[in-house]
Amino acid sequence: MSTTDRSVRDALGAIEAPVDPARLLALGGVATTLGAFCYVLYQILVITGDATLLYYVVGGAALAGGVLAWLIRPRTAIGIGAAAVVVGTYLYIQSLPGGFGFLVLVGPMLSDVFALMGGLSVLRIVNADVWALSAAPGPVFLATYLALRRNYVAASAVAGGALGVVVLTGDATTPTTLVGVVGVTLALAFGDCDRRGESLRNADGVVVLLATMVVLTLFVGVVPGAAGSFISSEGVGTQTSTMESSLVHAGDSLAVTGPVELSPEVRYTVEADAEAYWRVGTYDRYTGGGWVQSGEMRNYGGSLPPPPGETRTLEQRYTAETDIATLPAANTPVDIDDVPVPVQVTDSGAFQPASPLQAGESYTATSEVPVAPPADLRTAGTDYPDAVTERYTQLPSSTPARVTERTDRLTANAENPYDTARVLEQWLQNNYDYSLDVERPRGNVADEFLFEMDAGYCTYFATTMVTMLRTQDIPARFVVGYTPGQQVEDGEWVVRGYNSHAWVEVYFPEHGWVKFDPTPSDPRIAEEREILADARSDNDSDIDTNDSLDSDFDQGTPDPTTPEGPNGTATEPNGTETTPTDGPPGTDGDGGFSLPTIPIPTPEQAGFGLLIFAGVVAGLRRTGTDRRLYRELWLRRLPADDPEAVVAGVYHRVVHLEERDGRRKAPGETPRQYLVGDDRIERVGRLYEQARYGHGVDASDAAAARADLAELLEERSRLPHLVEKRNTRSR
């Protein structure tokens, strides 16, 4: 009989045999890990567009693995799995703008691979949907095949390795990672029982493994890229934070948060011929709960292309007033000079420093600012480049239809994209209040803001406007940076932390990206002035320069009208500083002492804690530690009843000590015969016989027996005893 025939015969025999619980649990473990991996891919596809195709890809791969598990050898299956990976890679490369010309750039390809493993989110890849679809078939097919062949270790390695990739990229959330870890643990533990033909009596061992893996999962944040997740659309929402760093630290992702605080500290001094919004970065991919900046980062190698259409040149000189890791520049930057650190450029043309600027360091930026009047923008048309349409009209497929329906009604009379943008901008300004004290909604931010909230700050307004524009197939993107700041001289502005801001840029053919700002300006400016006045009255440091203190200009934040688009900005959140309280630690701010708050664990934390506790208990049982601990406590806790009960308790404990030392009590052996060799032991034996078979014992006899036990425990136990020493001895 050939090897193939034998393999098929064994496989058919396995499928005909009754499936025991251990096998079902092991298969469920592999399926759980694969499910966690596929769930991450599903979330990526929901964000980038439609996830329907993933069902067919995963279902087909799993069906193929299940059928071929009974027909082909493992070596052949591994070859098919590898071929699926190769085909997926082929399809992904074909989807890239340069096609297979990209293969010539082996170095950049390898750099991207290392970047993914170092924490670069899959969502930062331009064609993330193609990547997700091409990554699914190979692991699903091979893990299914191996699991049905009872090779649970290899199946877990394949499924766990696939999940590990998206953990390293940071796209798998901690709960998803935990689910995958639990699946691997179940597959390995119960798979071992299945292969050995054992029962499930060792289930406590599984709990030990689960608890161990949970503890390891809790430390998954040390893995590059795993500290956060771009995919999760949920947020804390109830914890006050400072947000300047998340708005303008030039990172590759931004989450919409809950309540925020503002900082009056000076960040930059800007010298320019005219005021502008000092742009830091742009984001194109909306996740439903935040934004991701897709595309690769490259080293700055010279001038960048200017926008199409008519522009005016704006020279700017930025001086950092604190250590800061951004390189602002007005829209649209084309050149940067005199930067004391290496400079990188995003796909959208924003500058980023390779390391933070130090206080006092300066650089010069040159921008070509679009100056097209509204009349020209109204006639710009909709002949968008394909790359712009694909990238800047994306919305998660989970975006509720009511967002589109409301936008349709609001813009029914708008005849062109410019009028559509102006209508939405003004409607948001007029219908929603400005507030920093909002609870972050759980769900799609734009949908929740439109229908469930009545106030928010800049990230809410900008996110909602971009989403509404994209429902109309108008290319728009989310932009972060600083508003102009406080003008202190002709051609000079002081930019503070509270000037950090988010706004919208809309693409117009033949003109490029044009700014719109849907955030109400008046309440924001009033908030800034109040914060600055409070900080000055408290003599806070780093909130002014000499010029800003002596300035004859308006102390508020200018609200310029430019040819680019509407007025208004929303000041935002700040860096890592926290707002000082009015009283010392432990007070309520008015001088009165407040009670400490007791932190309440989240459901996830409670679940983790219970699982870890169960694992500890199971581990104690597995090793017998629980019995040993119980015995040690039992030895030291004598009955507190009548003297006969005390003496009987002492006797049983002395017998236990003797047996623990290797002296087993023979059947029929009397206490007096067994307890020999030590006066104290013999005395306990006599007292026990006297209590049980004689005229009884009194309190002094019980005290003597207790004292004898105390001395024996002190000699033989490694733990301190809790029984009293001998005070009296009575015979």
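None of the values given here were measured: they were computed from a predicted structure.

**Considering the sheet that holds strand 4 (residues 266–272)**
Strand order in this open sheet of six strands is 11-14-9-4-19-18, and the pairing throughout is antiparallel. Strands with a single pairing partner mark the edges of an open sheet, and in this sheet they are strand 11 (333–337) and strand 18 (486–489). Here the average twist between neighbouring strands, direction ignored, is 25°. Note that strand 9 (residues 311–320) and strand 14 (residues 362–370) share nine bridges and pair antiparallel. In the sheet register, Leu314 faces strand 14, and the bridge partner there is Ser367.

**Some remarks on empty space enclosed by the protein**
Under the counting rule described, the total for this entry stands at three cavities of 30 Å³ or more. In this structure, the second largest cavity encloses a volume near 40 Å³. Lining the second largest cavity we find Arg279, Val280, Leu327, Pro328, Ala329, Pro333, Gly349, Ala350 and Phe351. Within the lining of the second largest cavity, the residues separate by chemical class into seven nonpolar, one polar and one charged.

**Overview of unusual backbone geometry**
Along the chain, Asn331 connects to Thr332 via a cis peptide bond; the corresponding omega equals 0°. For Thr332, the position within the fold is in the loop between strand 10 (329–330) and strand 11. Its identity is not glycine, yet Asp338 carries a phi of approximately 60°, on the positive side. Looking at the secondary structure, you find Asp338 in the loop between strand 11 and strand 12 (343–345). Phi at Asp473 is positive, roughly 60°, even though this residue is not glycine. Relative to the assigned elements, Asp473 resides in the loop between helix 17 (458–471) and strand 17 (476–482). The exposed category is assigned to Asp473, whose relative accessible area is 54%.

**Concerning the pattern of salt bridges**
Any two side chains of opposite charge can pair if their charged atoms end up close together. Summed over the entire model, instances satisfying the criterion amount to 13 salt bridges. Residue Arg267 is joined to Glu265 by a salt bridge in which the shortest nitrogen-to-oxygen separation is 3.6 Å. Here Arg267 falls in the buried class, since its relative accessible area comes to 4%. Its salt-bridge partner being Arg279, residue Glu505 comes within 2.9 Å of it at the nearest N-O pair. With Glu505 in strand 20 (residues 500–508) and Arg279 in strand 5 (residues 278–283), this pair connects stretches of sequence that are 226 residues apart. Overall, the relative accessible area of 4% leaves Arg279 in the buried class. One network of salt bridges, with partners in common, ties together Arg279, Arg477 and Glu505.

**What about the packing of aromatic side chains?**
Following the criterion strictly, the structure yields 24 aromatic pairs and no others. Here the aromatic rings of Tyr42 and Tyr55 are separated by 6.2 Å at their centres, their planes lie at 50°, and the arrangement is tilted. Here Tyr55 lies in helix 3 (residues 52–68) and Tyr42 lies in helix 2 (residues 21–48), a separation of 13 residues in the sequence. Owing to a relative accessible area of 28%, Tyr42 belongs among the partly exposed residues under this scheme. Taking the centre distance of 6.0 Å and the plane angle of 75° together, the rings of Tyr268 and Tyr482 count as edge-to-face. Of this pair, Tyr268 sits in strand 4 while Tyr482 is found in strand 17, placing the two residues 214 residues apart along the sequence. Look at Tyr268 and you get buried, because its relative accessible area is 1%. What links up through ring pairs into an aromatic cluster is the set Tyr268, Trp278, Tyr318, Tyr363, Tyr482 and Trp493.

**Details of the sheet that holds strand 12**
Strand order in the open sheet formed by three strands is 8-12-13, and the pairing between neighbours is antiparallel. Every interior strand has two partners, whereas the edge strands, strand 8 (298–299) and strand 13 (351–353), have only one. Judged from the two bridges that link them, strand 8 and strand 12 form a sheet pairing that is antiparallel. Opposite Asn299, over in strand 12, you have Gln344 as the bridge partner.

**A short note on the pairing of strand 19 (residues 492–496)**
Of all the five residues making up strand 19, five are buried; the element is thus mostly covered by neighbouring parts of the structure. A two-sided burial pattern is seen for strand 19, the buried positions comprising Glu492, Val494 and Arg496 on one face and Trp493 and Val495 on the other. Where strand 4 and strand 19 come together, five bridges link them in antiparallel fashion. When the bridges of strand 19 are listed, Val270 appears paired with Trp493. Sheet analysis places strand 18 next to strand 19, joined by three bridges and oriented antiparallel.

**Details of the side chain of Glu368**
Within the secondary structure, Glu368 is located in strand 14. At 8.8 Å, Arg312 is the nearest oppositely charged side chain to Glu368, a buried residue that forms no salt bridge. Side chain to side chain, Glu368 and Thr311 meet in a polar contact 2.8 Å long. Of note is the side chain of Glu368, whose polar atom sits 2.8 Å from the side chain of Thr313. Leave out the neighbours within four places in its chain, and Glu368 touches Pro306, Pro307, Thr311, Arg312, Thr313, Asn331, Thr332 and Val334.

**Quick notes on the nonpolar core**
The biggest cluster of nonpolar side chains holds 53 residues, and the ones touching the most others in it are Leu469, Val504, Val506 and Phe516. When residues of this core are traced back to their parent elements, those giving at least two are helix 13 (386–392), helix 15 (417–431), helix 16 (445–452), helix 17, strand 17, strand 20, strand 21 (512–516) and helix 18 (522–537). With eight residues, helix 17 is the single largest residue contributor to this core. Residues in contact with Val506, not counting those within four places in the same chain, are Ala421, Leu469, Ile474, Pro475, Ala476, Gly512, Trp513, Val514 and Phe516. Grouped together as the second largest cluster of nonpolar side chains are 43 residues, Ala51, Trp131, Ala132 and Ala135 included.

**A short note on the confidence of the model for the chain**
Per-residue pLDDT for the chain has a mean of 77; in total, 72% of the residues score no lower than 70. Averaged over each element, pLDDT in the chain is lowest for helix 5 (residues 106–117) (47) and highest for helix 15 (96). Note on residues 221–240: pLDDT is under 50 here. Beyond four places in sequence and across chains, it has 59 contacts. Below a pLDDT of 50 lies the segment residues 720–731, which in the model reaches 33 contacts outside its immediate sequence neighbourhood of four places, other chains included.

**A word on helix 22 (residues 643–660)**
Given a rise of 1.5 Å per residue, 18 residues ought to cover 26 Å, and the 26 Å separating the end C-alpha atoms of helix 22 matches this to within 8%. Along helix 22, the residues classified as buried are Val646, Val647, Gly649, Val650, Tyr651, Arg653, Val654, Val655, His656, Leu657 and Glu658. The N-capping residue of helix 22, defined by a side-chain oxygen 3.1 Å from the backbone nitrogen of Glu644, is Asp642. Count one or two residues on from helix 22 and you reach Gly662, which has phi positive near 105°.

**Considering a negative patch on the surface**
On the surface, Glu271, Glu489, Asp490 and Asp547 cluster together to form a negatively charged patch. Here Glu489 lies in strand 18.

What counts as what
- Residues numbered from 1 in each chain as written.
- Predicted model: local features only at pLDDT ≥ 70, side-chain atom pairs only at ≥ 80, totals over all residues.
- Heavy atoms only, no water.
- Pairing = 2+ DSSP bridges.
- Helix = DSSP H or I, 4+ residues; strand = E, 2+ residues; numbered from the N terminus.
- Axes fitted to C-alpha atoms, helices over the stretch in contact; angles between N-to-C directions.
- 1 Å grid on protein atoms, 1.4 Å probe; cavity = no way out; pocket = protein on both sides within 12 Å on 5 of 7 lines; lining within 4 Å.
- Points joined across faces, edges and corners; volume = space filled by probe spheres on them.
- Nonpolar A, V, L, I, M, F, W, Y, C, P; charged D, E, K, R; others polar.
- Buried < 20%, exposed > 50% of the residue type's maximum accessible area, 1.4 Å probe, protein only.
- Salt bridge = Lys/Arg side-chain N within 4 Å of Asp/Glu carboxyl O.
- Phe/Tyr/Trp six-rings, centres within 6.5 Å; stacked < 30°, edge-to-face > 60°.
- Lys, Arg positive; Asp, Glu negative; His and termini not counted.
- Polar contact = N/O pair within 3.5 Å; in protein donor to acceptor, adjacent residues only side chain to side chain.
- Contact = heavy atoms within 4.5 Å.
- Core = buried A, V, L, I, M, F, W, Y, C linked by side-chain atoms within 4.5 Å.
- pLDDT = per-residue confidence, 0-100.
- Expected span 1.5 Å × (residues − 1).
- Patch = residues over 30% accessible without salt bridge, like charges linked within 9 Å, V, L, I, M, F, W, Y side chains within 5 Å.
- Areas by Shrake-Rupley, 256 points an atom, 1.4 Å probe, with all protein chains shown as cover.
- Charge placed at Lys NZ, Arg CZ, Asp CG, Glu CD.

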